[in-house]
Structure formats: structure tokens, C-alpha cells
Amino acid sequence: MLLSLMKYLRGYVYVQLTGYAPERFLNLCGNRDILVWNLKPCEGGYCFCISVWGFKQLKPILRKTRTHIRILSRHGVPFYLFRYRRRKVYALGILLFCGFLYYLSGFIWNIEVTGNSYLSEEMVLDFLKEQKCAFGAKKSEINCAALEEELRSAYADVIWTSIQIYGTKMTVSIQENLLPEESYQKEEDQVYDIVAAKDGTIEQMVTRAGTPLAGIGSEVAKGDVLVSGRMELLNDSGELQQYLYHSCDADIIAKVTYDYRDEIPIDYIKKEKTGNVRTDYQLEVCGKVIKNPFFQPKFDDYAVVSDTAQLHFTHNFYLPVSLVKQTYEEYRQTKAQYTKEEAKTLAAKNLKNYLHELQEKGIQIIGKNVMIERKNHSYVVTGTIDALESIVSYQPTERIDITDKEVQDTDESE
Amino acid sequence: MRKKTNQSNTAIPVREKVVNTLELPRDLLLGEPMLTVTGRRELYISNYKGILEYGDSFLRIQTKTCRIIVSGTRLAVDYYTSEEMKITGFIDCIQYES
């Protein structure tokens, strides 16, 4: 492969050899280290390929062996250049292409971000954009060391970075601080009570810090203090001497009742797809939409589904050009009424979605009691849902100063 | 006189003996041809002196010790240098002539 490329670059000719002693001619070529290839016997002699350099050395051998040589075809770059020597614009084009390629290789065309887990790739790319070191930035204007410094100071979680440029590719390696920060740091001078976030009956309660004011089985209303951050300190005679303040910590799970209500009107407009679909393509360049001027949906009622595909070079270098595919689906509107069965399935579906939403919040459903009944022009679904959930919420502890004064007074009197 | 002819007659066998006992490569020291045949379609020959005759169906090659006749169909010489040549085509027979 490489050898044939070399032959092509240097140029070679395909020749026919005829005459008195062609074999002797070949042996002389071999002795003088003139390479001959694709040797084939043909009418009256041999045909073979020989390099341009070799061809120029043949004269004495031809005379010696009394043979004649005729060029059948010429191959290779030198002949090609000679043939197209008058095409100046073509040569200029090749030169311009090389220059342009060289010019473009001075920019960043690909950015690879590795080692990030909390910090998303988009954030890093946005940061680079702010620093004017993103796609299309000039390589000579980027100071990698300064950029690393900037990245570390901009994001506290980043403890080590390395930015390297190989060719037109920038590699950003990041090491993040994976040790979690203290989940919540409460200010020392601010103390919190735990209050009920919702009405309910306490089912489970574990108090780790603070004075519990409610127990298992007690019914609480929203805003009731469940665990107090204020602790009474009694003296030997059983009198209140001092209040100590300390933030509370507790797990409190209560049985909470949710009211559920849903209404399904009997009359509705049924949308039926007719199956007629028309597709249109649009081009979006820098936020401007170029529409197809010859396209018309030709439907009375239709829904439009848009698929946008943004062009990108590498997996993260997006160009401001996107192709939008719009699918117009025709549908027919008809008035219809739900039957009881249909309303029931629809209600069940809605309820299921509602319960699913609750469960996603970490709420455990323990029971539900839902009824459906027809009222005038709609089906009304009402009921209650029993659930277990944490009702912990924090509220600053009220400080009682008067007692402190009293205590101070007694201290003085003693 | 007799001794001298004896010497000249035994010169080659002695050389061959040395090569044989020391297990030296015969192609380098005795100038014997090397043939590498891949299947029936490729043949590399090195250590030859030249081509004697060449046609579409046969090829006679002169080497230092003997002549080699390769016969077959559509024989072509891919390349031909002073050290090695490559022959392609459909080879029927490789024959030695002394």
C-alpha cells in the first residue's frame, strides 16, 4: 500500500518492450537495480511498469540489447500536475484549502470533560464560554494554567483540574470533592422546635434531642409543637431554675388523612385521529425559523408534533442550526358522553395518578375510601385517603427571658 | 599436478561440509536459490542470476547452481529486482534443471 503510494507520487510509465533480446534487457535492469514490476509477456515482447527515474536510465541498455521501448500509458503525480498545469484556479483552490485547514487548526473544535459527577458537563461548558475559551476559541489565546485556577475558584467542589489541549481538542479533567458537606448546619444561637406540618395522629415517634410534648397515639393539629427545644432545669427543691436551649432532632410519623375530590363532566369533546398525517420540515438558524413556503396543512383540526434535531460536530459541540420536523395529525372533534363505566375507569386512572404522586413524595398509603356518584351533568368522585408520613417541620423556639431575669435575681439574693 | 586437480575437485564438497556441520544458511554461503511458494498462486525467488526465457505459460530462471523452470498459466512477474522476484499466476510445476 505504502509502496504503491510512493510509486504513484514519483510517477511511473507502462511500457512495451520489443526487439532482439528482451530477456537480456530484463536481466540488465535487475543488475543495475532498476525496479520493474507488473511484467507480462505480450505480442512480440514484454509489457511492464517502470519508474520515471528508471526509464531515463534505459538508453544504454536499449542500445546494447537492440530493443525498442514504447510508452503505453503514464501514471502518477508528476504527469497529473503536467497535464493540469494551466488550471491556475484549481491550484489556488488546493493552496487555499491547505491554508484554511491550517488556519482552522488553530481553534478549539472539541471539548471533552472527564471526572465530573456533581458538576454537569453543561455547567463546565458554560463556564468555559464565560471565559471565552469554548468552541471556536483561538488556541494561542488560551492560558490553560490560568483557566484551571479560575475553574477551581469558581466551583468550590472542584479540588483539582487539568486542562490540556491536544491538536484541536481540549480535555478538561476534574476531580471533585466527594465527601459530603454537613447536611445542615444550624446556627448556634438559633434553636428550633419541631412542629406538626399537618393534622394527624402520631403513629411512630423517635426523639433524639429535645423535650417531647406529644406521644404515640396523640392527635395533633397543624402547628402544634411536638418536640420543644426548651428544656426546664429544676433546682433541688423542684423549682424552675433555668431554661436550656438545644435544637431538636426527631423522627415523627403520623397517620394523615387526605381529602380527595375529582369531577368528571359527562359531556366532553372527543378527539379522534383520522390517521391523516402530513410532515413538514423547517430549518432553524440562530433562532430564526425558515419555513417551507409551499407547505399547507390542509386540515381543519390538527395537532402538531415538533421534533427538533440540532446539528452537532462532536457529542457536545452544538451548532446554532437545527432541523425541525413537524408532523401534522388531523383529528375529528365530536361531542360525546361518558357512560358510567367509562367515567369509573377514568376516575380510577386519575386516582391512581394521584396516589402515585403521593408515593413519590415518600408518603405511604395505608387505606382509601372513594365513592363515585352522578350529580347533574357530571360524575363526582369524593373520598379520603389515609397515609403515613413524616410531619416534622422546624420553627424557631420561643425564648422566655423573664425567667432568666428571675433566676439572675435569685442568684444575686443568695 | 595430480594433487592440484584433486584439490580443485574437493573444494566444493569441503565448503559444503563446513556449511553442513556448522548449520550455516546454504543460500548465503553456497548461493543456492530460495523459493517461497504460497499455495499455487504466489512464488518468491531470491538468489538468482536472471531470466532466460519468459512466456505466458513458462518461465526459465538461471540461478548460481541450477536452472528453474516454472510452468503454469497466466504467469506474470509482479516485480523484478536484482535480489528477488515475485511471480503470480496459476503454477502447475516447478522443475530443476542442472
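Note that the structure is predicted; figures quoted are calculated from it, not measured. All residue numbers refer to positions counted from 1 along the written sequence of the respective chain. Each chain gets a letter, beginning with A, and each ligand a number, beginning with 1, in the order they are written. Only residues with pLDDT of 70 or above have their local features reported here, since the model is predicted, and side-chain atom pairs are shown and tallied only from 80 upward, although totals for entire chains, interfaces and linings are computed over all residues. The side-chain numbers reported here are obtained from all heavy atoms of the structure, hydrogens and water having been left aside.

Trainee: So what exactly am I meant to see when it comes to the sheet that holds strand S15 (residues 249-265) of chain A here?
Mentor: By definition, the strands of a sheet pair up through backbone hydrogen bonds, in either a parallel or an antiparallel sense. Residue and element names in this part refer to chain A. Taken in spatial order, the five strands make up an open sheet running S11-S9-S15-S21-S20, and their pairing is antiparallel. Edge strands, defined here as strands with exactly one partner in the open sheet, are strand S11 (219-220) and strand S20 (364-375). As defined by bridge partners, S20 adjoins strand S21 (residues 378-390) across eleven bridges and the pair is classed as antiparallel. Across the sheet, the residue bridging to glutamine 364 is leucine 388, located in S21. In this analysis, strands are considered paired if DSSP registers two or more bridges between them. Numbering of helices and strands runs from the N terminus, with a helix taken as a DSSP run of H or I at least four residues long and a strand as a DSSP run of E at least two residues long.

Trainee: Before we go on, may I ask you to explain the state of the cysteines in this structure?
Mentor: Linking two cysteines covalently via their sulfur atoms produces the bond known as a disulfide. All names here are of chain A. Note on terminology: disulfide denotes any pair of cysteine sulfur atoms within 2.5 Å. Summed over all chains, the structure comprises one disulfide over all chains. What pairs with cysteine 42 in a disulfide is cysteine 47, and their sulfur atoms sit 2.5 Å apart. Measuring handedness by torsion sign, the sulfur bridge of cysteine 42 and cysteine 47 sits at about 85° and is right-handed. Accessibility here uses a 1.4 Å probe with only protein chains present; expressed as a share of the type maximum, an area under 20% marks a residue as buried, one over 50% as exposed, and anything in between as partly exposed. On the basis of relative accessible area, cysteine 42 is assigned to the partly exposed category, the value being 26%. Not engaged in a disulfide, the cysteine cysteine 49 finds its nearest cysteine sulfur in cysteine 47; these two sulfurs lie 9.4 Å apart.

Trainee: What should I look at first to understand unusual backbone geometry in this one?
Mentor: Apart from glycine, the bulk of residues carry a negative phi angle, and the bulk of peptide bonds sit in the trans form. All names here are of chain A. The phi dihedral of aspartate 33 falls on the positive side, at around 60°, and the residue is not glycine. Within the secondary structure, aspartate 33 sits in the loop between helix H2 (22-31) and strand S2 (36-42). Within the chain, lysine 132 stands out as a residue other than glycine whose phi angle is a positive 60°. Among the secondary structure elements, lysine 132 is positioned in the loop between helix H7 (121-130) and helix H8 (144-154). Relative accessible area serves as the criterion here: at 70%, lysine 132 is assigned to the exposed category.

Trainee: Just checking my understanding: could you explain a nonpolar patch on the surface for this structure?
Mentor: Residue and element names in this part refer to chain B. Judged by side-chain polarity, Val14, Val18, Leu22, Leu24, Leu28 and Leu29 come together as a nonpolar surface patch covering roughly 540 Å² of accessible area. Among the elements of the structure, helix H1 (2-22) and helix H2 (26-29) are those that each provide at least two residues to the nonpolar patch. When residues in the nonpolar patch are grouped by element, the largest group, three residues, is from H1. The residue valine 14 is located in helix H1 in this model. Patch members must show over 30% relative accessible area and no salt bridge, and they are joined within 9 Å when carrying like charges or within 5 Å when they are nonpolar side chains of Val, Leu, Ile, Met, Phe, Trp or Tyr. Throughout, the Shrake-Rupley method with a 1.4 Å probe supplies accessible areas, and for residues the shown protein chains are the sole cover considered. One speaks of a salt bridge when a side-chain nitrogen belonging to Lys or Arg is within 4 Å of a carboxyl oxygen belonging to Asp or Glu.

Trainee: Sorry if this is basic, but what is going on with the packing of aromatic side chains here?
Mentor: In this description, a pair of aromatic rings is defined by centroid distance and the angle of the planes. Note on aromatic pairs: the rings of Phe, Tyr and Trp (six-membered ring only in Trp) are paired at centre separations within 6.5 Å, and the planes decide the class, stacked below 30 degrees, edge-to-face beyond 60, tilted for the rest. Per the counting criterion, the structure on display carries 13 aromatic pairs over all chains. The interplanar angle of 10° and the centroid separation of 5.1 Å between the aromatic rings of Tyr46(A) and Tyr54(B) together place this pair among those described as stacked. Of this pair, Tyr46(A) sits in strand S3 (residues 45-51) while Tyr54(B) is found in strand S3 (residues 48-54), placing the two residues in two different chains. Ring centres 4.9 Å apart and planes at 75° place the aromatic pair Tyr80(A) and Tyr84(A) in the edge-to-face group. Following the ring pairs from residue to residue traces out a cluster consisting of Tyr103(A), Phe107(A) and Trp109(A). Taking the ring centre of Phe82(A) as reference, the NZ or CZ of Arg85(A) above it sits at 4.1 Å. To sit over a ring, a charge needs its Lys NZ or Arg CZ within 6 Å of the ring centre and within 35 degrees of the ring normal. Positioned above the aromatic ring of Tyr243(A) is the side chain of Arg230(A), whose terminal nitrogen or guanidinium carbon lies 5.5 Å from the ring centre.

Trainee: What exactly am I supposed to notice about the confidence of the model for chain B here?
Mentor: Keep in mind that low pLDDT regions are not for reading the predicted coordinates in detail. Scored by pLDDT, chain B has a mean of 84; 88% of the residues are at 70 or more. Scored as a complex, the prediction yields pTM 0.45 and ipTM 0.71. Confidence of the prediction at every residue is given by pLDDT, a number between 0 and 100.

Trainee: Quick question: what am I supposed to make of the pairing of S15(A) here?
Mentor: A regular strand places its side chains so that they alternate between the two faces of the sheet. Residue and element names in this part refer to chain A. Bridge count for strand S9 (residues 200-209) against S15 is seven bridges, and the pairing is antiparallel. Within the sheet, the bridge partner assigned to methionine 205 lies in S15 and is isoleucine 252. Bridging between S15 and S21 involves 13 bridges; their strand directions are antiparallel. Paired with proline 265 across the two strands is serine 378, which belongs to S21.

Trainee: Looking at this model, I keep getting lost on the sheet that holds strand S12 (residues 225-228) of chain A. Mind explaining?
Mentor: Residue and element names in this part refer to chain A. Strand order in the open sheet made by the four strands is S10-S12-S8-S22, with antiparallel pairing throughout. Of all the strands in the sheet, the pair left with one neighbour each is strand S10 (211-212) and strand S22 (392-396). Across two bridges, strand S8 (residues 192-196) lies against S12 in antiparallel orientation. Along S12, the bridge assignment pairs isoleucine 194 with valine 227.

Trainee: How do you make sense of the side chain of Lys86(B) when you look at a structure like this?
Mentor: Looking at the element boundaries, Lys86(B) is found in strand S6 (residues 84-97). Ignoring any residue separated from it by four or fewer positions in sequence, one finds Lys86(B) in contact with Glu42(B), Leu43(B), Tyr44(B), Ala76(B), Val77(B), Asp78(B) and Tyr79(B). The contact criterion used is simple: two residues touch if any of their non-hydrogen atoms lie within 4.5 Å.

Trainee: I tried to follow the interface of chain A and chain B on my own but got confused; where do I start?
Mentor: Size of an interface, as often reported, equals the accessible area lost when the parts are brought together. Across the contact, 15 residues belong to chain A and 16 residues belong to chain B. When two components associate, each loses some accessible surface as probed by a 1.4 Å sphere; the sum of these losses over both components is called the buried area. Contact between chain A and chain B buries roughly 1200 Å² in total, counting both sides, with carbon and sulfur atoms accounting for 55%. In terms of surface lost to chain B, no three residues of chain A exceed Asn27(A), Leu39(A) and Pro41(A), which account for 37% of the buried area on that side. Applying the counting criterion to the chain A and chain B interface returns zero salt bridges. Here a polar contact means two N or O atoms within 3.5 Å. Within protein one must be a hydrogen donor candidate and the other an acceptor candidate, and residues neighboring in sequence count only if both atoms are side-chain atoms. Run the count over chain A and chain B and you get nine residue pairs in polar contact (both at pLDDT 80 or more). Elements represented by at least two residues in the side of chain A that touches chain B include exactly H2 and S2 of chain A. For the side of chain A that touches chain B, the leading source of residues is S2(A), giving six residues. Following the grouping adopted for this structure description, the nonpolar residues are Ala, Val, Leu, Ile, Met, Phe, Trp, Tyr, Cys and Pro, the charged ones are Asp, Glu, Lys and Arg, and the polar ones are all others, Gly among them. Grouping the amino acids of the side of chain A that touches chain B by side-chain chemistry returns eight nonpolar, four polar and three charged. For S2(A) and strand S5 (residues 67-80) of chain B, the ladder comprises three bridges, and the chain directions are antiparallel.

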